[in-house]
Amino acid sequence: MGIALFVLGLAGVAWGAMFLFNVRGAADKAAARRNAVRAVTAARTLNIGLTEPSRFGAWFFRLMGGIALLSSPVLALAGLVIATLE
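What counts as what
- Residues numbered from 1 in each chain as written.
- Predicted model: local features only at pLDDT ≥ 70, side-chain atom pairs only at ≥ 80, totals over all residues.
- Heavy atoms only, no water.
- Helix = DSSP H or I, 4+ residues; strand = E, 2+ residues; numbered from the N terminus.
- Expected span 1.5 Å × (residues − 1).
- Buried < 20%, exposed > 50% of the residue type's maximum accessible area, 1.4 Å probe, protein only.
- Arc of directions from axis to C-beta.
- Contact = heavy atoms within 4.5 Å.
- Axes fitted to C-alpha atoms, helices over the stretch in contact; angles between N-to-C directions.
- Parallel < 35°, antiparallel > 145°, perpendicular 65-115°, else oblique.
- Left-handed = near helix turned anticlockwise from the far one by under 90°.
- Nonpolar A, V, L, I, M, F, W, Y, C, P; charged D, E, K, R; others polar.
- Phe/Tyr/Trp six-rings, centres within 6.5 Å; stacked < 30°, edge-to-face > 60°.

**A look at helix H1 (residues 2-20)**
Helix length check: H1, at 19 residues, gives a terminal C-alpha distance of 26 Å against a target of 27 Å (1.5 Å per residue), a fit within 8%. Buried within H1 we find Gly2, Leu5, Gly9, Gly12, Gly16 and Phe19. Down the axis of H1, the buried set is contained in an arc of 110°. They therefore lie on one face. The elements touched by buried residues of H1 are helix H2 (26-45) and helix H3 (58-85). Among the residues trailing H1, Asn22 stands out with phi positive, at a value near 55°.

Structure below.
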């Protein structure tokens with residue numbers, strides 16, 4: 001269990017850094033993907049309110065990446081502690 005938490009913590013650090021620093025346009029692509037999904041949902045449900053772009057732009061994904069980057073080392077450290085105690 002500890003090793004799995006450690007690996008998830010490392011993956012969270014990588015994911016968070018990717019979105020926080022917008023590596024290869026990850027945050028921009030995620031915002032564009034969100035707007036495309038909203039457009040498809042609007043077409044399916046005939047809800048005209050969904051045709052407007054989302055208020056959450058790339059800044060939202062960068063913020064979530066920062067939160068993940070800051071909290072994931074704690075998860076990795078907890079995984080290491082659990083792995084050493086077992």
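Having seen the model, we can carry on.
**Here's the deal with the packing of H2 against H3**
Put simply, H2 and H3 touch, their axes get as near as 8 Å, and they point 125° apart. Here H3 runs oblique to H2, going by the angle between their axes. Note on packing geometry: the crossing formed by H2 with H3 is right-handed. Two secondary-structure elements touch here, H2 through Ala27, Asp28, Ala30, Ala31 and Arg34 and H3 through Ala58, Phe61 and Arg62. Broken down by class, the residue content of the contact of H2 with H3 amounts to 5 nonpolar, no polar and 3 charged.

**Examining the packing of aromatic side chains**
Considering all chains together, one arrives at 6 aromatic pairs under this definition. With 4.7 Å between their ring centres and 35° between their planes, Phe56 and Phe60 make a pair best called tilted. Phe60 gets classed as partly exposed once you look at its relative accessible area, which sits at 21%. Between the aromatic rings of Phe60 and Phe61, the centroid separation amounts to 5.4 Å while the plane-to-plane angle is 80°, which identifies the pairing as edge-to-face. Judged by relative accessible area, Phe61 falls into the buried class, the value being 17%. The structure contains a cluster of three or more aromatic residues connected by ring pairs, namely Trp15, Phe19, Phe56, Trp59, Phe60 and Phe61.

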